Amino acid sequence: LTEVQNALEIPNAHGIGSTADGYFLYVTNIANGGVGALNTILTKTGDESIASIKGGAIDTPNAVPHNVAVTKDGYVFVTHS
């Protein structure tokens, strides 16, 4: 086990998914009506530092994003309610 040195704050985190290679992690923000709904996190930074959020959160056209699915070739799908 590795001790967590730093943490990322993702408000209202709900759904989570990653690319097949584990390089990117996607986390939904279930609140805010689709504003800042999907965070993209770079998990492998080339060093042993904590993962970093790349480019900030993006908005989605529909409110209440729930779950994330990522295909083998990197397409990201988000379910909404």
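Nothing here was measured: the structure is a model prediction, and the numbers come from that model.

A.B. asks: Can you lay out the overall build of the protein for me, pointing to particular residues and giving the numbers?
C.D. replies: Counting its regular elements, the protein contains 0 helices and 6 strands. Moving toward the C terminus, one meets the helices and strands of the protein in the order β-β-β-β-β-β. A total of 81 residues make up the protein; the buried ones form 25% of that total. Counting only contacts in the protein whose residues sit at least 6 apart along the sequence, the fraction spanning at least 24 positions is 30%. Here the protein displays about 5,400 Å² of accessible surface, and carbon together with sulfur accounts for 54% of that area.

A.B. asks: Could you give an account of the pairing of strand β5 (residues 65-70), with specific residues and numbers?
C.D. replies: Looking at chain direction, β5 and strand β6 (residues 76-80) are connected through 4 bridges and run antiparallel. The residue of β6 that forms the bridge with Val70 is Val76. In this antiparallel pair of consecutive strands, β5 and β6, the connection spans 5 residues, and Gly74 shows a positive phi of 95°.

A.B. asks: Describe in detail the pairing of strand β3 (residues 38-42), supporting the description with residues and values.
C.D. replies: Consecutive side chains along a regular strand alternate between the two faces of the sheet. With 5 of its 5 residues buried, β3 lies for the most part within the structure. On β3, burial covers both faces: Leu38, Thr40 and Leu42 on one face and Asn39 and Ile41 on the other are all buried. Pairing between strand β2 (residues 24-29) and β3: 5 bridges, direction antiparallel. Within β3, the position partnered with Thr28 by the bridge is Leu38.

What counts, and where the lines are drawn
Residues numbered from 1 in each chain as written. Predicted model: local features only at pLDDT ≥ 70, side-chain atom pairs only at ≥ 80, totals over all residues. Heavy atoms only, no water. Helix = DSSP H or I, 4+ residues; strand = E, 2+ residues; numbered from the N terminus. Buried < 20%, exposed > 50% of the residue type's maximum accessible area, 1.4 Å probe, protein only. Contact = heavy atoms within 4.5 Å. Areas by Shrake-Rupley, 256 points an atom, 1.4 Å probe, with all protein chains shown as cover. Pairing = 2+ DSSP bridges.

None of this, on its own, says anything about what the molecule does.
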